[in-house]
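Descriptive structure summary
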Amino acid sequence: MTNTQIPAQYATGVSRINIERALVAAGKDLDRLEAADLALLEDYHASGRIATHQLAELLDLTPATEVLDAGTGIGGTARYLAARFGCRVTGVDMVAEYCDTARWLNRLVGMDDRITIRQADVTELPFAASTFEVVISQHVQMNVADKDRLYREARRVTAEGGRLAVWDIVAGDGGALDYPLPWAEGPEHSHLATPEKLRAVIESAGFAVEHWADLTATTVTTMRTVLAMPPSPLGLHAFVPNFRARAEHLTDALADGRLRAVQAVARAK
């Protein structure tokens, strides 16, 4: 086991099959699929595509920007950035099944020429120093015990003056959590830091925090809206086991202060 712990819900053996079934059930033509058709089922983090959009808008991305999506999952953030800004994106994830699914979806929407997917641990990135101008990390560090190593690696591959963009869940008032959560079947897979600790680790890795926002309240509102939506074939439930229970536990813990949601951008010194 590496520094990043991978709970069983990330590798079920049926992610691609279930996503394909969901797309067909929703009336999507796989031969004419567009990136926007995937928006409801590819962002495996709180507030979904809304959070991805808000974070990306802080980064002044251009077609020339080289981006690393660290912990890409099935590639939702990578596809959004490549489609929205025209930039080249490299996505890494430890789960081979997610990497294979991401590549398949990239091909379906005609974006495999702009996105590269590699299987790798975010604490042992297979890239040379200063390869990227932007590193995006959304809901990844909760599975990483060695956060110092995580952010040192992020800094190593980020060019001087480049940016680290983070959207993450952190510890709140210390109350016991209900499981499963989106990133953990139980406490053995959850490595939460307080907001103060997370910021300190990012800064000690060689980044200067330029933006730090607690978005807990708006995240609760968004999550409750999503949970109240009518049933649809499209959604994270298409490939994440027990997704509704995970989302409800997360929303409740954010609402009562046991967890917090933070958005941050830091510049490499």
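Below or above, wherever it landed, is the structure these notes cover. (Residues numbered from 1 in each chain as written. Predicted model: local features only at pLDDT ≥ 70, side-chain atom pairs only at ≥ 80, totals over all residues. Heavy atoms only, no water.)

Thoughts on the side chain of threonine 222
- Within the fold, threonine 222 resides in helix α7 (residues 216–227).
- For threonine 222, the residues in contact, after removing those within four places along its chain, are Ser47 and Ile50. (Helix = DSSP H or I, 4+ residues; strand = E, 2+ residues; numbered from the N terminus. Contact = heavy atoms within 4.5 Å.)

What to know about unusual backbone geometry
- Each neighbour pair has its own omega, and for tyrosine 179 with proline 180 the value is 5 degrees, a cis peptide bond.
- Inspection of the secondary structure assignment puts proline 180 in the loop between β5 (158–171) and α6 (195–204).
- Although it is not a glycine, histidine 139 adopts a positive phi angle of roughly 55 degrees.
- Along the chain, histidine 139 falls in the loop between β4 (132–138) and α5 (147–157).
- Even without being glycine, asparagine 242 reaches a positive phi, approximately 55 degrees.
- Within the element layout of this structure, asparagine 242 appears in the loop between α7 and α8 (243–255).
- Taking relative accessible area as the criterion, asparagine 242 reaches 53% and is therefore assigned exposed. (Buried < 20%, exposed > 50% of the residue type's maximum accessible area, 1.4 Å probe, protein only.)

Section: α6
- Among all positions in α6, only Pro195, Leu198, Val201 and Ile202 are buried. Each buried residue of α6 lies within a common arc of 130 degrees when the element is viewed along its axis, so the set occupies one face. Exposed and oriented more than 90 degrees from the buried face of α6 are Glu196 and Ser204.
- Where α6 is buried, its residues meet α5, β5, β6 (207–214) and β7 (259–268).
- Phi turns positive one or two residues past the end of α6, at glycine 206, with a value near 115 degrees. (Arc of directions from axis to C-beta.)

Regarding the pairing of strand β1 (residues 66–70)
- Most of β1 is tucked away: four of the five residues are buried.
- Both β1 and strand β2 (residues 88–93) contribute to a ladder of five bridges, which runs parallel. In the strand pairing of β2, aspartate 69 is matched with glycine 91.
- For the crossover that starts at β1, traverses helix α3 (residues 76–85) and ends in the parallel β2, the hand is right-handed.
- In the sheet, β1 pairs with β4 via three bridges, with the strands oriented parallel. Bridge pairing links leucine 68 to valine 135 in β4. (Pairing = 2+ DSSP bridges. Right-handed = clockwise from strand over helix to strand, strands pointing away.)

Section: empty space enclosed by the protein
- Applying the stated criterion across every chain, the model contains two cavities of 30 Å³ or more.
- Size it by volume and the largest cavity reaches roughly 410 Å³.
- For the lining of the largest cavity, the residue count by class is 13 nonpolar, ten polar and four charged.
- The computed volume of the second largest cavity comes to approximately 60 Å³.
- Of all the elements in the fold, those that place two or more residues in the lining of the second largest cavity are β1, β4 and α5.
- Tallying contributions element by element places α5 first for the lining of the second largest cavity, with three residues.
- Residue classes in the lining of the second largest cavity are distributed as nine nonpolar, one polar and no charged. (1 Å grid on protein atoms, 1.4 Å probe; cavity = no way out; pocket = protein on both sides within 12 Å on 5 of 7 lines; lining within 4 Å. Points joined across faces, edges and corners; volume = space filled by probe spheres on them. Nonpolar A, V, L, I, M, F, W, Y, C, P; charged D, E, K, R; others polar.)

So yeah, pure geometry; function would need other evidence.
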